[in-house]
Amino acid sequence: MIANLAQMVAEEQQNPLVPAGPELLVGTIAFAVVFFFFWKKALPNINKVLEERRAAIEGGIEEAEAMKVEAQSVLEQYKAQLAEARHEAARLRQEAQEQGAALIAEMRAEGQRQREEIVAAGHAQIEADRKAAAQALRQEIGRLATELAGKLIGEALQDHTRQSRVIDRFLDELEEKAEAAR
């Protein structure tokens, strides 16, 4: 029992949270080996991968910024071209309106000229018709006057020259009386 009691006292003195000396030594050596391997082999590879990733991200950011600047430049060019196109469209619209107004004015002037030509031609035709009618009327009146004079005098006025003189004199007298009445 004393042996049991001594063993219990020895076990009580040993804390379960604190490892035994040889265990502590083996654990420390194992930790050092793993730490050395990690420090020499794994840590440089991890740092290399992290550096590559950082460089890729920074390069991507720089590329994105460059593309943003380029996109802004393209946008400004587009806006300038759009403003120029709008200005050109307004200018063309103004020219078309001016040409349309000039064409309308020209067509009106041409219409006015043609109307005046038609009216002048109409007046000339009326005047020619009036003269022709006056001549025809003069001949008819002369023939009737000759017949009437022949019936009044009792002899035929068949001499054409004499007949023309009498008719002309008679019509001239009628025209003078008509002008005097006005």
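All of these numbers come straight from a predicted model, not from anything done at the bench. Chains are numbered independently. Their residues run from 1 in the order of the written sequence. Local features in this predicted model are restricted to residues of pLDDT 70 or higher, and side-chain atom pairs are both shown and tallied only at a pLDDT of 80 or more, whereas totals for entire chains, interfaces and linings draw on every residue. Values shown for side chains rest on all heavy atoms present in the structure; no hydrogens or waters enter the calculation.

Topic: the overall build of the chain
And step 1. Every helix listed is a DSSP run of H or I at least four residues long, and every strand listed is a run of E at least two residues long, numbered separately from the N terminus. Secondary structure summary: the chain contains three helices and zero strands in total.
And step 2. Taken from N to C terminus, the helices and strands of the chain fall in the order α-α-α.
And step 3. Each residue is assigned to one of three classes by its accessible area relative to the maximum for its type, calculated with a 1.4 Å probe on protein chains only: buried under 20%, partly exposed between the two thresholds, exposed over 50%. Looking at the chain as a whole, 4% of its 182 residues are labelled buried.
And step 4. Accessible surface computed for the chain: about 16200 Å², of which carbon and sulfur atoms make up 62%. In these tables, accessible area is a Shrake-Rupley quantity obtained with a 1.4 Å probe, and a residue counts as shielded only by the protein chains included in the view.

Structural notes on the confidence of the model for the chain
And step 1. How sure the predictor is of each residue is captured by pLDDT, a score from 0 to 100. Averaged over every residue, the pLDDT of the chain is 83; the share at 70 or more is 83%.
And step 2. The secondary structure element of the chain with the lowest average pLDDT is helix 1 (residues 2-13), at 57, and the one with the highest is helix 2 (residues 21-153), at 88.

A word on the pattern of salt bridges
And step 1. Salt bridges are defined as contacts in which a side-chain nitrogen from Lys or Arg sits within 4 Å of a carboxyl oxygen from Asp or Glu. All chains considered together, the criterion is met by seven salt bridges.
And step 2. Because the salt bridges share partners, they merge into one network encompassing Glu51, Arg54 and Glu58.

Quick notes on a nonpolar patch on the surface
And step 1. Each patch is built from residues lacking any salt bridge and having more than 30% relative accessible area; the joining distance is 9 Å for like charges and 5 Å for nonpolar side chains (Val, Leu, Ile, Met, Phe, Trp, Tyr). Taken together, the side chains of Phe31, Phe35, Phe36 and Trp39 present a nonpolar region at the surface, about 500 Å² in accessible area.
And step 2. By secondary structure assignment, the location of Phe35 is in helix 2.

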